[in-house]
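Report on the structure
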Amino acid sequence: MTSTARRSPRFGFAVNAVGVIGASIILFWILVAVFAPWISPYPVGKIVDFDYYGPISSDFWLGTDYLGRDMFSRILMGARYTVGISLASVTIACFVGVTLGMIAAVVGGWFDAVLSRFLDALNSIPALMFGLVVVAAVGSSLTVLILTIATLYAPGSYRFARALAVNVNAMDFVTVARARGEGIIYTIREEILPNIVGPVLADFGLRFVFIVLLLSGLSFLGLGVQPPDADWGALVRENIGGLSFGAPAVVFPSIAIASLTISVNMLIDNLPRRIRDRSE
Amino acid sequence: MNAVIARLVLKRLGIMLLSLLIVAFAVFFATELLPGDVAQILLGQAATPEAVAGLRTAMHLDEPAFLRFLHWLFGLMSGDLGRSYANDREVADLISGRLANSLELAFVTTLFSVPIALTLGITSAMFRGSFYDRMVSVFTVTVISIPEFMVATLAVIIFAVYLRWLPALSVASEVHGIGELLRIYAMPVITLAFVVSAQMIRMTRAAVIDTLNTAYVEMALLKGASRRRIVLRHALPNALGPIVNAMALSLSYLLGGVIIVETIFNYPGVAKLMVDAVSTRDLPLIQSCAMIFCVSYLLLILIADVVAIMANPRLRNQ
Amino acid sequence: MGNVIEIRDLHVTAKTDSGRVVEIIRGVDLDVADGEIVALIGESGSGKTTIALTLLGYARPGCSIVGGSVTVDGEDTVAISEAERRSLRGTRVAYVPQSAAAAFNPSKTIMDQVVEVAQIHDLMPMDAARKKAVELFRALALPEPETIGARYPHQVSGGQLQRLSAAMALIGDPKVMVFDEPTTALDVTTQIEVLRAFKAVMRERGMAGIYVSHDLAVVAQIADRIVVLKGGEVQEVGATEAIVHRPSHSYTKALIGAFHPRARVPDPEAAADGPQPILKVSGVTAGYGGTGRDKMPKYVVLKNLDLTLERGRSLGVIGESGSGKSTLARVIAGLLPAAKGSIEMDGVRLGQATRDRSKEDLRKLQIVFQLADTALNPNKPVGAILARPLVFYHAMAGRERDAEVDRLLDMVRLPRGLKHRLPSELSGGQKQRVNFARALAARPELILCDEITSALDTVVAAAVLDLLDELQRELGLTYMFISHDLSTVEAICDRVAVMYQGEKVEEMPTSRMKSGPEHPYSKLLIASVPKLDTGWLDGLRDDPLMAAAMEGR
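Residues numbered from 1 in each chain as written. Chains lettered and ligands numbered in written order. Predicted model: local features only at pLDDT ≥ 70, side-chain atom pairs only at ≥ 80, totals over all residues. Heavy atoms only, no water.

As annotated in an unreviewed UniProt entry, chain B carries the name ABC transporter permease and is attributed to Jiella sonneratiae. Per UniProt, the comment on chain B under Sequence similarities (unreviewed entry) is "Belongs to the binding-protein-dependent transport system permease family." The annotation that UniProt attaches to chain B under Subcellular location (unreviewed entry) is "Cell membrane". (UniProt positions renumbered as here; feature names shortened; annotations may be inferred.)

By the naming in an unreviewed UniProt entry, chain A is ABC transporter permease, taken from Jiella sonneratiae. Listed under Sequence similarities (unreviewed entry) in UniProt, the entry text for chain A is "Belongs to the binding-protein-dependent transport system permease family." Taken from UniProt, the Subcellular location (unreviewed entry) comment for chain A reads in full: "Cell membrane".

This brings us to the interface of chain C and chain B. Each partner contributes residues to the interface: chain C has 26 residues there, and chain B has 20 residues. At the boundary of chain C and chain B, one finds three salt bridges. In this structure, the salt-bridge partner of E116 of chain C is K223 of chain B, at a minimum N-O distance of 3.0 Å. On inspection of chain C and its partner chain B, the count reaches 12 residue pairs in polar contact (both at pLDDT 80 or more). Those elements that provide at least two residues to the side of chain C that touches chain B are α3 (100–103) and α5 (116–120) of chain C. For the side of chain C that touches chain B, the element with the highest residue contribution is α5 of chain C, accounting for four residues. In terms of residue class, the side of chain C that touches chain B is built from 13 nonpolar, eight polar and five charged. (Contact = heavy atoms within 4.5 Å. Salt bridge = Lys/Arg side-chain N within 4 Å of Asp/Glu carboxyl O. Polar contact = N/O pair within 3.5 Å; in protein donor to acceptor, adjacent residues only side chain to side chain. Helix = DSSP H or I, 4+ residues; strand = E, 2+ residues; numbered from the N terminus. Nonpolar A, V, L, I, M, F, W, Y, C, P; charged D, E, K, R; others polar.)

Attention shifts here to the environment of F35 of chain A. Residue and element names in this part refer to chain A. The residue F35 is located in helix α1 (residues 17–39) in this model. Residue F35 is classed as partly exposed on the basis of its relative accessible area of 42%. Between the alpha carbons of F35 and T64 there is a distance of 21 Å; along the sequence they are 29 residues apart. (Buried < 20%, exposed > 50% of the residue type's maximum accessible area, 1.4 Å probe, protein only.)

Attention now goes to the packing of α1 of chain A against helix α2 (residues 71–107) of chain A. Residue and element names in this part refer to chain A. Two elements in contact, α1 and α2, have axes separated by 8 Å at closest approach and are oriented at 130 degrees. Classed by the angle they form, the pair α1 and α2 counts as oblique. Crossing angle aside, the handedness with which α1 passes α2 is left-handed. Two secondary-structure elements touch here, α1 through W29, I30, V32, A33, V34, A36, P37, W38 and I39 and α2 through I75, L76, M77, A79, R80 and V83. Looking at the contact of α1 with α2 residue by residue, the class counts come to 14 nonpolar, no polar and one charged. (Axes fitted to C-alpha atoms, helices over the stretch in contact; angles between N-to-C directions. Parallel < 35°, antiparallel > 145°, perpendicular 65-115°, else oblique. Left-handed = near helix turned anticlockwise from the far one by under 90°.)

Written out as structure tokens, the structure reads:
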């Protein structure tokens, strides 16, 4: 980290330039995902060019795809699927994982032992492979995708949050609260959660990256978002035929994915040590 | 090996078997219970109710789910993987040849990535904060952040499209001599090695840095030891366990990567077989492939755990 | 006789977590003559370890030497190259670390690490080095000197490791030894053997040394001269006798003053009514790990313990690490349910676990922990921390609660403005006061104090003890005061219980601590506490009890 740290009074901690760039790109894609239908120059499904795999031009900023549809519009809409599905899954996964993790850490005993053993076992299922299995069995829809991905990533989130919460739980101020006679809910909400929220958010970001990669992988295999809709992974799949001549239609969705995931990593790596420190 | 280590290793083994049982149930649940009526799916909507009922009895679908799970599990353990829905061949026959291909791919990848990752990981930890270290970090973060298919497509664009050194597809049946073999494996191995070694470098670097921050390394420095001596004699022997652990865990990334890589390069391995089975909804084949993946993953984790236990100097020198 | 160490106008800076650069050593001068041992004394953050490390030309990561010179045996460690520093370390200056347990590499044998200096600098053949190491082991009074080197660090005790680390430093026959708080992590009875070994070796070889410590009494035994440091500056320098008996600087006076607690004056009112038990612990057995078939825990920490606390009085509980004294507090507070026995408060039997006790029972008994850093939630302002017990036990709200928070801050002599601050913005002493005020908020009758002054610097701790004493008189509180520091207990307690391996071996009035403990272990423990008297360590040789105790090790 060479960039000079500067103090940002609003967040109360310093974020350096690299982190700010990362955050801006993430914000950009989130805005795109929200406003995609209003800013797309062409309807996503409409064939607008006679040429397929068209080059970059003033009409088609990012060229056209294998059917002659505008890539710029398709990437804007693709952001909706990639960002939307990933955010929904990671939110469910982290909410369930963190809640269970904190409860397990505070309650302890057999509840913790059984839950940990079970979720650790689930954690040892390779994600992409299990995605294949579920899609093969029940087909692919947005709901199935979100729930499957959330199920696959909740155990990891549980494990992470539990490890942090166990450390906090061993601190004297929690012991004091217990000696005072406080209940489980108060202990979790007031004593544990505020002290793990920083690392948990960093973990949320990392898990989001993994999910974007998994979703893209599934879509690339044709098992994620189904046509006529397409997320970025599906856009790469559709246009893979243009790979041999380096068509913009296959290059730009890849760049979109990379820009999102690398930005999240950049942001997290440049968070202040206090937040980033992981106590696993 | 002493008694304490033996007990700990046995415990890990027990945990692995328990995990395997839970994982097996998850696979069974996803493939047999989630989809609803398998007989109906197989015969299609047009089938007569009698035909569906007949098939259901034949497939033991009338039995309670738990019994079916036990049947299936004992079948797996006795080597009876069932028959493929798609072409009515024994699943075991379909898999056996493919498994060897996948293992070859994994083996060659490991052979390449481990030495590279070890060197880069250890040296970047030694020169932490230097320009070299930062370059390595940028490389690993980038590779980890992009999807495997992108690494693969980049490799195709560079080596097959522009340089024309290597073929974009690999078909293992047409091997003539060493040169041919290299050309066939090169592309999948390059892609996988990138993905796996990026993880390995990161984890190795972290493991070495952890030991470099200890009080005994500072003590060695204050005894007048050189940087070389500190790293080789003091840090590495203690980082060995964590490093091997990191290696085993990173290799598990092979499992995710191999699915994409075999598909892109049309490599005839288990993963490709599974992806094909998914498109035909060939459930027995999918189940078996899934179990192979899970078992290999759990084995890698077991190896990692056991190495960590064996490498602990307190346990080793009891 | 020339000076083997000359430090002139030394300046060291450190980078804080937020990236600011602060000067932690501000222009220190220091001389050490040949064969002289000089102690650096000061509280945490005074810069004593930083100065000691500059003698080896080393600054911890984040710190850098920005000015001045450090001349050791004719060479300026600041100016020379890294290679020259390497050849200096271990041969001419050697370092004995604070925690030998962490400073030994766990995967190599002790012998390999002891002779490593000889190997690195190619001082002698390895056989000769090993022979020399065995001689050093013998000189340092280590058991089985011939074979102890073949063991691994985790296979020997803490006190032995500390002496082995001295052997590791001595192997290169250095001109200067740097001791960095080498006995701080040890129990008092272990500390004695280590101190004696160090002193004997240093005296015999006539080596010069720097001895870093926060403990004046320890330093008084071993140093010729004392340098008192505060905030990275030298406050006072003088011969040990002079500093101990005739300190001139106000800070030194405060340090010495904190060492001589005034004797406890029993409260006449409490004595008038005769003793009234408030808490009675009978036959308590407790421990950790799952319970077996006999309902006994796997690791028993407390064995069949009886204890009575009298209302308005203070009971001190002393013992070494592992004696079970902290476990006792946890059992009484209901944090660790006892496997056997009963705890009665005001004649009524309490539930074993907190969840079996009524809110009223919980309120009457509060516990205060040692480390204020971990005892206060770092994410809550002081006001919120103090308000919670008020809401929880007394259902206070609004203005009434705010007024009570102000009153509590007044009680522990903290400015009211502090309630808006986070714990990380307070000093150690302030944190411990907040920690105590939180217990007071419950309006308790009995407070269990678990080593509450141990982590504080001497002067700050003395002020906290005065406050505790005052509050006891004002509010009629009962204290159970757990400590490994006997002078703390002497200052505040009426009676003392001595714990050893989970059992109470003796209980006596504080006044008898000095004159006549009866149990052999109590005698050993009390006699082992260093006294602020330069002749104390040497005088122990004549004590038959201590001699016998040391034979046994």
